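Summary of the model geometry
So you can see what is in the structure, the chains are spelled out below.
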Amino acid sequence: MKYIDEFRDQQQAQAIANIIALEAKSDRHYRLMEFCGGHTHAIYRYGVQDLMPDNVEFVHGPGCPVCVLPVGRIDEAMQLAQEQGVILCTYGDMMRVPAGNRRSLMQAKADGADIRMVYSTQDALKIARDNPNQQIVFFAIGFETTTPPTGVAIKQARAEGLTNFSVFCNHVLTPAALGAILNAEPPVDIDALLGPSHVSTIIGSHPYEKFAQQYGKPIVIAGFEPLDVMQSVLMAIRLLNKDRSVVENEYSRAVTRDGNIKAQALVKEVFEIRENFEWRGLGLISNSALKIRPDFAEFDAEKRFTVSAQPVVDIKACECPAILRGQKKPLDCKLFGTVCTPENPMGSCMVSSEGACAAYWRYGRLRVVA
Amino acid sequence: MCLAIPVEVISIEEDTAWVSVSGVKKEISLALVEDVSVGDYVLLHVGYALNKISTEEAQKTLKLFAEAGMLEIDS
Amino acid sequence: MKLNIKTGKVDMSHGSGGRASAKLISDLFMKHLNNEFLAKGNDSACFDVAGKRMVMSTDAHVISPLFFPGGDIGSLAVHGTVNDVAMSGARPLYLSASFILEEGFPLSDLERIVISMSNAAKAAGVSVICGDTKVVEKGKGDGVFISTTGVGVLPEGIDISGDLARPGDAILISGSIGDHGIAILSKRENLEFETTIESDSAALNDLVTEMIKAVPSIHCLRDPTRGGLATTLNEIALQSAVGMQLNEAAIPVKPQVAAACELLGLDPLYIANEGKLVAICATENADRLLAAMREHPLARDAAIIGQVVKDEHHLVQMQTRFGGQRMVDWLAGEQLPRIC
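Residues numbered from 1 in each chain as written. Chains lettered and ligands numbered in written order. Predicted model: local features only at pLDDT ≥ 70, side-chain atom pairs only at ≥ 80, totals over all residues. Heavy atoms only, no water.

Another point: the domain arrangement of chain A. As a measure of interface size, the accessible area lost when the parts come together is often cited. All names here are of chain A. Structurally, chain A comprises domain 1 (29–63 + 175–249), domain 2 (67–172 + 259–304) and domain 3 (320–362). Between domain 1 and domain 3, the C-alpha centre-to-centre distance is 20 Å. Each side of the interface is counted separately: domain 1 has 17 residues, and domain 3 has 12 residues. Between domain 1 and domain 3 the total buried area reaches about 1100 Å² when both faces are included, carbon and sulfur atoms providing 55% of it. Taken as a group, His41, Tyr44 and His60 account for 41% of the area that domain 1 buries against domain 3, more than any other trio of residues on that side. Linking domain 1 to domain 3 there are one salt bridge. (Domains from an automatic or database assignment. Contact = heavy atoms within 4.5 Å. Buried area = accessible area lost by both parts, 1.4 Å probe. Salt bridge = Lys/Arg side-chain N within 4 Å of Asp/Glu carboxyl O.)

Structure, rendered in C-alpha cells:
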C-alpha cells in the first residue's frame, strides 16, 4: 500500500531507534505526550515502545473523542432511538460504550431500537432518503477531522430538502483540550507533545504555535505510521536538547501551516462554538465544542427533539481523569484488568480501542504480567 | 486519532471519486478538497477526501528516514 | 464478570466468537449440559462405537448475505461441518441438514442453495443423509438458517486435540487470512467497497488426510472461523495451558485484504476464515508438514508462523513487522469498523 508500507519499514525503524538512543541525553528523562488516541494505538500495535531507550517515555493524552464523550450524551442518543422512534445512525466506535445503567447502543439495538452503524455521513443521508416517513438522527462525534463530513451532510440535506434528517452534534475542539491539559492543576509533567496527524490536516499547524510558546513545550505534528512516530520522537528530542519551544511538522505530506481552508470555511458556515461542554474525565471546558448554527437549526436534533438524560457520575476508583491528563498510567488504576476490561469497561479510557487503557490491554499487557 | 488512509484517485465524477488502495475500490466524496486529478493520492476518512498527499513532501520524509539522522533538521 | 442471566439479553457480541461467546457457552450452556466431551473444548467430539472411534460435530449457519463472492450459505454449511469433523483427524462421512425457512423466501434461491450444498458435499466426498425443514412466519427468520451435523470415523492411532500443544511446537497456517470475512463485509450494506477478494470457503478434509500421512503425530488442528486466527490461537493456548510467540511478517495476508482492513480499521487476525486451518506439531516435523501442505492446492501459501512457548499466563504474543512486541488478545466483542 503506497504511502503506508514505506512508513512501516523495520530496518529504518531500527536505524532511527539507534539515533534516538544516541541523541537522547543520558542525564535527562524525556516525557512525550502523544495527544491522539490513534498514536497511542499505533505505538502499542507496532511495539514502538520497545524501540525507545529507557529515558524516553510516552504519556498518553485525551485525544480520543469516544473516551471524552460524557455518558449522558450517549443516553440522550439512546433515548432518541428508544423513546422517540428515530433511526439512529452512528459510527461503529460508539456501539459498545456502556452508558447509563451500563447499557450500550448495541444492547439498546438488541432491545429493538433502530440503531444502525454507518461508515460515513453519506450513508446516513441515504438512509434518510430511503425512509422518508421516519426521522433519522446522525450521532456526530469526533475532533476537527470528523466535523467537516458532518457539515457536508447538513448542507447536502438542505440542498436535497431532506426534512427527516438531523444531527446530534458532539464535535469537540483540539486546541481547547490541549489548553486544558497544559493548564491542569497540578501541572502535567510532560516535556513535549506529539500533535495529532489528521486533525492537523484540517486545522493546519499554526493553532499549536501559541501553546508551544506560552507553555514552553515543543510540539511535533506526527504522522500516523510508526516510522512517523519515531521520526517525530527524534525531532522532539532534538528540540528539547536545543531548548526550542516551537512547532515542527513531521507529517508534511498531509499537513500544511494553514490546513484545509475549504473544510475550515465549511465548518464555520454550519457550526458555532458552544460556550461550555462537559468532557468526560476533564470536566467542563469553555469554548471546547461545537453546536449547529441557528441558520441550520432545522437540522439540529437538540432543537427538533427534547432529550434530557441524567448526568452520570463516573466511578470513584476509576483513574480515567488522571490518565486522560497524562498524570497517571493505566497500571496505576486499581480497576485496570480486574474489574475493568474491554468487555466490561468502567471508564472512558477502556471503552474505545483508542483509549490508553484499551491499548495497553490489547497490545501491551505482556509487560504487565511479565 | 482519526483513522485516515492514503488512497489513489482512479476516476472522478463531479463531487465524488472512485479511489483504490491495493486494488480495493471505494466511492468517496470530494466535497472537502479542490483541484484533485486522477492519479493523485488523497487522505480518506469516513468516506471523504480530507486533503491531497504531497508526493514531494512524502519523498522528503522518506529520505529523512533513510538518512536516519545524518541530516541536521533546521526549523 | 459473570453473565447476567436473570435480566440480560442476547446481543451480537455473543455470536462473534470472542470472549463474549466463550462466556455464553461457559456460564449458560456448560452450566447445564456439561460432560466429558464438552469439557474438552474442541469443535467436535470423539466417542467409541463398537470398538471404533466416531467423531461428531454440529454447526448453525446464519450468514448474511446468503450469496457472497466465492460461495453461499449452502456450500458454507457443508464446508464448515466437514472441516470441524476433519480437524479431529477423522474422515467425514455423513451430514444431516436442517433448514429453517422464512415465509416468502423465493424457491429459486432455495434451489440455488441446495444445488450448491449438493456440489460441495460431492466434492468433499460426503453425503447428506437426513434432514428437516421448518418454516417460520415472515419477519422471524433471515431468509434461511441452516444447521448441519456431521459424523466421521477416526482412524487408529490418531490423537489430535486442542489441549496437545507443547512448548517448542511449531505453529502453521495453511494460507492467507481474512479472505472470507472481507468478502462478506464487502457486500454488507453501508460498508460497500469493491474488491475481487472471494471467500476461501472450502472443504479441508482432503488436505488433512495428506497432512496426517506426512506427519501422523500432529498435535492440534483447528479452522480459524469466527473470531479469526487470533481467537483460535488463544483458545488452543488456554486448552493446552501454553503461550505462543508469533512472527507477524510470516503470516500471509492478501494485499487487498490488508487494504480493506486499513480502510475500516480492522485487524486481519480477527477476521473469519472458512477454508484455512491452523496446525501445531513438534518442531522436528514442521518442515515436512509444511512441504506436504504446500503440495496441496488449498495450502500453496502455507507458512510457519510461530512457536508454542511455556507461559503460565497463556498469552499469545507477536513480534510485529516493525520489530516490536505486542499481544494478540482474544476478540473482545464484535470487531466493528471504526473511525478513530
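Turning next to the packing of aromatic side chains. Residues and elements named next belong to chain A. Counted by the stated rule, this structure contains 11 aromatic pairs over all chains. Their ring planes at 90° and their centres at 5.3 Å tell us that tyrosine 91 and phenylalanine 138 sit as a pair that is edge-to-face. One end of the pair, tyrosine 91, is in the loop between β3 (87–90) and α5 (105–110); the other, phenylalanine 138, is in strand β5 (residues 136–142), and 47 residues separate them in sequence. Residue tyrosine 91 shares its accessibility class with phenylalanine 138, and that shared class is buried. What links up through ring pairs into an aromatic cluster is the set Tyr44, Phe336, Tyr360 and Trp361. If you follow arginine 253 out to its NZ or CZ, it ends over the ring of phenylalanine 7, 3.6 Å from the centre. (Phe/Tyr/Trp six-rings, centres within 6.5 Å; stacked < 30°, edge-to-face > 60°. Helix = DSSP H or I, 4+ residues; strand = E, 2+ residues; numbered from the N terminus. Buried < 20%, exposed > 50% of the residue type's maximum accessible area, 1.4 Å probe, protein only. Lys NZ or Arg CZ within 6 Å of the ring centre and 35° of its normal.)

Residues and elements named next belong to chain A. The tally for this structure, following the rule as stated, stands at 32 salt bridges over all chains. Across the pair glutamate 225 and arginine 8 runs a salt bridge whose closest N-O atoms are separated by 2.6 Å. Here glutamate 225, found in the loop between β8 (219–221) and α11 (226–241), pairs with arginine 8, found in the segment before α1 (10–23); they are 217 residues apart in sequence, far enough to count as distant. Residue classification places glutamate 225 among the buried residues on the basis of a relative accessible area of 7%. Residue classification places arginine 8 among the buried residues on the basis of a relative accessible area of 16%. What emerges from the salt-bridge pattern is a single network uniting Arg31, Glu57, Asp189 and Lys329.

Facing 41 residues of chain B, the contacting portion of chain A comprises 50 residues. Both faces combined, the contact of chain B with chain A buries some 3800 Å², and carbon together with sulfur accounts for 63% of it. Linking chain B with chain A are zero salt bridges. Our count for the contact surface shared by chain B and chain A stands at 14 residue pairs in polar contact (both at pLDDT 80 or more). When residues of the side of chain B that touches chain A are traced back to their parent elements, those giving at least two are β1 (5–13), β4 (41–45), β5 (48–52) and α1 (55–67) of chain B. No other element matches α1 of chain B, which puts eight residues into the side of chain B that touches chain A. Across the side of chain B that touches chain A, the residue classes break down as 26 nonpolar, nine polar and six charged. (Polar contact = N/O pair within 3.5 Å; in protein donor to acceptor, adjacent residues only side chain to side chain. Nonpolar A, V, L, I, M, F, W, Y, C, P; charged D, E, K, R; others polar.)

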